[in-house]
Amino acid sequence: MKEKIAKVVEEAVASLSLHIKNIPEIKIDRTRDEAHGDFATNIALVLAKDARQNPRMLAQALIEKIDVTDDIEKVEIAGPGFINFFLSKNAKFAVIKSIFDQKDRFGYGEVGANKRINLEFVSANPTGPLHVGHGRGAAFGATVANLLETQGYKVDKEYYVNDAGRQMHVLAVSVWLRYLSLFGDLPSFPRAGYKGEYVIDIAKALQKEHGDVFAKDLASVFADLPNDELDKEIYIDALVQNAQTLLGEHSYSTIFDAAVESVLNDIREDLTEFGVKFDNWFSEASLVNSGRIDESIKTLQERGFIYKKNGALWFAATKLGDEKDRVVVRENGITTYFASDIAYHLDKYKRGYDKIIDVFGADHHGYLPRIKAFLQAENLDVDKFNVLLVQFAILYRGKIKLQMSTRSGEFVTLRELREEVGNDATRFFYIMRKNDQHLDFDLDLAKSESSDNPIYYIQYAHARICSVMRQLDDKGFEFNEKEGFNNLNLLSEPQEQQLIRRMRAYSDTLERAALNYEPHSLAHYLQDLANDFHGFYNAHQFLVDDAALRNARLCLILAVKQLLANGLILLGVSAPDTM
RNA sequence: GCGCUCGUAGCUCAGCCGGAUAGAGCAUCGGCCUUCUAAGCCGAGGGUCGCAGGUUCGAAUCCUGCCGAGCGCGCCA
């Protein structure tokens, strides 16, 4: 419809033969206020200056040239020179039929044209269970993927597994120490070690499967160590060294692999329960083992962006807009996380995606310039690359802010959060706010069964419609779809008009939410739609004796039900039949 | 100090690819259940859109400066 009107206006503009060099694109907007009709254009205002005409006069001239079709009931000038279009009733009712026909695919678009997108999100280090911060990234990424797919994009959801870094050794040695403590008391546990309960669970599982084969004399385990109090990082590195020598390569890697596998399985299970599925789990270790990290450093070297300083290899990122040059190979010969990331992104580009999107926690935003720098150094198309930042979620219990700290091992995990407030409310609350906005997550509100809770408010609207359909049977009526569609013109109450107006805006909202990566706008839309419905519900009866009106109203609310369900499912939230 | 993000009602936030009287929820106050789920609805009050300039026919929206908040500035990941 929008395109139709744009075309008509465009023709009208052309027919006026104004002496203007470049006529801007005609923009047709949905009006915010019903009094302004259904669509409006500001073209007369935009052209007025160049045409050296009064905008209202220009608008008048345009209107006279506009071919009014059957769909448009009225065209008028308003305000400083807007042209407002009023649709005919029949044109407006068409949305109900479309929803019935297209069902769960209603509002889908094709701008994506099957283009392939790689969407990387969560990518938390497999050193422990996911916490509430990761949850927001998970909900956001999964929803963005759903939204993009509605617009015809092919989205690969990817989790980058940092299974190669130093942190993994810290995890392995933490597990081993907990394992050793099953045979005798340890003198101490390293400050930098992982102290969570899950580490002990992994240790116990190891004991169950392997018995005491990894047990070593504690004196040798803690022999020749620096002071933990002085520098906990140096201390734990030394412990890792001891572990590797005492256990030997085979035993050490058995523990290492068991630790990584166990944590990863937990993460996978957690995300699956949360309704977040990945197409690809990309292992950092696979980059290391295949030599692709060295390879990518080499290509940078050939292009003259690598130099040696203080025994380390540096990437000259400042040449390409970054604040500092970055180390890729440390003095001790170990490559940095950034080196892996170069190889990883190179790999994504090689896989031929049209668009590559990384979802980062906001604390990683400083990372963006260096990635852009190496993309340029590698002569890759930087415009294909996008970073979406997700701010932190702060948990509240009513007014009380919950303290979270990873170092003590007392963090709130995603699983704990899901178990307390449920998956639906968790998913919804996470995406309710714009991603780059801090999120106050009120646990009490998320759990409350009242209209204060937006998720229940929307689900309740859906359940109410289901309930109406059940009542229909009880009252001995039957829904006659054909009769309903033949009598849509009976829907003349303001609440009915409002619902139709709202439903007509769905496709635009969906497209906008997808293209701008803004799930929150779909959430807000659903709240508005539910609000319109509840208003209608309280003002009028649906199950009236007049069959024509009854069936017409049922058509209307069944369309509403479809849209509520469509939207909720895209957000990863269920649409229950009863509450 | 430099960089990124943000500043809208008492609170939590929409609106920000320039447009018509700046919206919603919560909280406060006042109404609505012999009728399809009151987990609901209707109404009222509440605003220098951080401040000051600039661009424009038109600025919450774009630009500059200032003030304030958060985050980032490792041979960590």
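Residues numbered from 1 in each chain as written. Chains lettered and ligands numbered in written order. Predicted model: local features only at pLDDT ≥ 70, side-chain atom pairs only at ≥ 80, totals over all residues. Heavy atoms only, no water.

What is the right way to look at the sheet that holds strand E15 (residues 439-442) in this model?
Where strands meet in a sheet, backbone hydrogen bonds hold them as pairs that are either parallel or antiparallel. Strand order in this open sheet of 3 strands is E14-E13-E15, and the pairing throughout is mixed. The open sheet has two edge strands with one neighbour each: strand E14 (400-401) and E15. As defined by bridge partners, strand E13 (residues 393-397) adjoins E14 across 2 bridges and the pair is classed as antiparallel. When the sheet's bridge partners are listed, Arg397 is paired in E14 with Ile400. (Pairing = 2+ DSSP bridges. Helix = DSSP H or I, 4+ residues; strand = E, 2+ residues; numbered from the N terminus.)

Sorry if this is basic, but what is going on with unusual backbone geometry here?
Excluding glycine, a negative phi dihedral is what most residues carry, and trans is how most peptide bonds are arranged. At Ala113, a residue that is not glycine, the phi angle is positive and equals roughly 45 degrees. Of note, Ala113 is situated in the loop between helix H4 (89-102) and strand E5 (116-120). Taking the relative accessible area as the measure of exposure, Ala113 reaches 52% and is therefore exposed. Phi is positive for Asp224, close to 55 degrees, though the residue is something other than glycine. Take Asp224: it is sitting in the loop between helix H8 (218-221) and helix H9 (232-273). (Buried < 20%, exposed > 50% of the residue type's maximum accessible area, 1.4 Å probe, protein only.)

Would you take a moment to explain the nonpolar core for this structure?
Note that soluble globular proteins tend to have their nonpolar side chains buried in a common cluster. Ranked by size, the top nonpolar core spans 130 residues in total, and within it Ile96, Tyr159, Trp176, Phe428, Tyr430, Phe441 and Met503 carry the most contacts. In terms of residues, this core owes the most to one element, H9, which gives 15 residues. Phe305, Ile342, Ala343 and Tyr344 belong to the second largest nonpolar core, which has 29 residues in total. (Core = buried A, V, L, I, M, F, W, Y, C linked by side-chain atoms within 4.5 Å.)

Just checking my understanding: could you explain the pattern of salt bridges for this structure?
Side chains that differ in charge, positive against negative, can pair when their charged atoms come close. Counting across every chain of the model gives 24 salt bridges. Between Asp266 and Arg415 there is a salt bridge, with its nearest N and O atoms 2.7 Å apart. Residue Asp266 is found in helix H9, and its partner Arg415 is found in helix H14 (residues 414-421); the two are separated by 149 residues along the sequence. Since its relative accessible area comes to 19%, Arg415 is described here as buried. Here Asp347 makes a salt bridge to Arg351, at a shortest N to O gap of 2.8 Å. Judged by its relative accessible area of 13%, Asp347 falls in the buried class. Classification of Arg351 by relative accessible area gives partly exposed; the value is 24%. A single salt-bridge network, built from bridges that share partners, covers Glu158, Arg292, Asp347 and Arg351. (Salt bridge = Lys/Arg side-chain N within 4 Å of Asp/Glu carboxyl O.)

Sorry, what's going on with the packing of helix H2 (residues 43-51) against helix H3 (residues 55-65) here?
Between two packed helices, what matters for the description is the angle formed by their axes and the separation of those axes. Two numbers describe how H2 lies on H3: the axes approach to 8 Å, and their chain directions differ by 115 degrees. Along this stretch, H2 crosses H3, giving a crossing that reads as right-handed. Listed contacts from H3 to Ile43, Ala44, Leu45, Leu47 and Ala48 of H2 are Pro55, Leu58, Ala59 and Leu62. In the contact of H2 with H3, the residues fall into 9 nonpolar, no polar and no charged. (Axes fitted to C-alpha atoms, helices over the stretch in contact; angles between N-to-C directions. Left-handed = near helix turned anticlockwise from the far one by under 90°. Contact = heavy atoms within 4.5 Å. Nonpolar A, V, L, I, M, F, W, Y, C, P; charged D, E, K, R; others polar.)

What am I meant to see in a negative patch on the surface here?
There is a patch of like negative charges on the surface, built from Glu10, Glu11, Glu25 and Asp67. Inspection of the secondary structure assignment puts Asp67 in the loop between H3 and strand E3 (72-78). (Patch = residues over 30% accessible without salt bridge, like charges linked within 9 Å, V, L, I, M, F, W, Y side chains within 5 Å. Areas by Shrake-Rupley, 256 points an atom, 1.4 Å probe, with all protein chains shown as cover. Lys, Arg positive; Asp, Glu negative; His and termini not counted. Charge placed at Lys NZ, Arg CZ, Asp CG, Glu CD.)

I tried to follow the side chain of Asp341 on my own but got confused; where do I start?
In this fold, Asp341 is placed in helix H12 (residues 337-350). Apart from the residues within four sequence positions on either side, Asp341 is in contact with Tyr160, Tyr367, Ile371 and Phe374.

I tried to follow the environment of Asn435 on my own but got confused; where do I start?
With respect to the helices, strands and loops of the structure, Asn435 is situated in the loop between helix H15 (423-432) and E15. The exposure class of Asn435 is buried, given its relative accessible area of 11%. Not counting chain neighbours up to four residues away, the residues in contact with Asn435 comprise Arg136, Phe140, Leu388, Leu389, Val390, Gln391 and Tyr517.

I would appreciate a short explanation of the packing of aromatic side chains in the present structure.
Remark: the centre distance and the inter-plane angle together describe each pair of aromatic rings, the angle taken between the planes. In total, this model carries 27 aromatic pairs according to the counting rule given. Centroid distance Phe274 to Tyr430: 6.3 Å. Interplanar angle 75 degrees. Geometry classified as edge-to-face. Of this pair, Phe274 sits in the loop between H9 and strand E7 (280-283) while Tyr430 sits in helix H15, and the two are 156 residues apart along the sequence. Pair check on accessibility: Phe274 and Tyr430 agree, each one buried. With a centroid separation of 6.0 Å and an interplanar angle of 35 degrees, the aromatic rings of Phe533 and Phe542 are classed as tilted. Accessibility expressed as a relative area gives 4% for Phe542, which makes it buried. Members of the aromatic cluster, each reached through a chain of ring pairs, are Phe305, Phe315, Tyr337, Phe338, Phe360, Tyr367 and Phe374. One cation-aromatic arrangement involves Arg427 over Phe274; the distance from NZ or CZ to the ring centre is 5.5 Å. Just above the ring of Phe477 sits the side chain of Arg550; from NZ or CZ to the centre is 3.7 Å. (Phe/Tyr/Trp six-rings, centres within 6.5 Å; stacked < 30°, edge-to-face > 60°. Lys NZ or Arg CZ within 6 Å of the ring centre and 35° of its normal.)

Looking at this model, I keep getting lost on the sheet that holds strand E9 (residues 312-315). Mind explaining?
A sheet is described by the order of its strands in space; here 3 strands give the open sequence E8-E9-E10, paired in antiparallel fashion. Looking at which strands have only one partner, the edges of the open sheet turn out to be strand E8 (306-309) and strand E10 (326-329). Across the sheet, the mean angle separating the axes of adjacent strands is 45 degrees when strand polarity is ignored. The sheet strands contacting helix H11 (residues 292-302) are E8, E9 and E10, and the helix crosses E8 at an angle near 100 degrees. Lying on the sheet, H12 is in contact with E9 and E10; it crosses E10 at an angle near 80 degrees.

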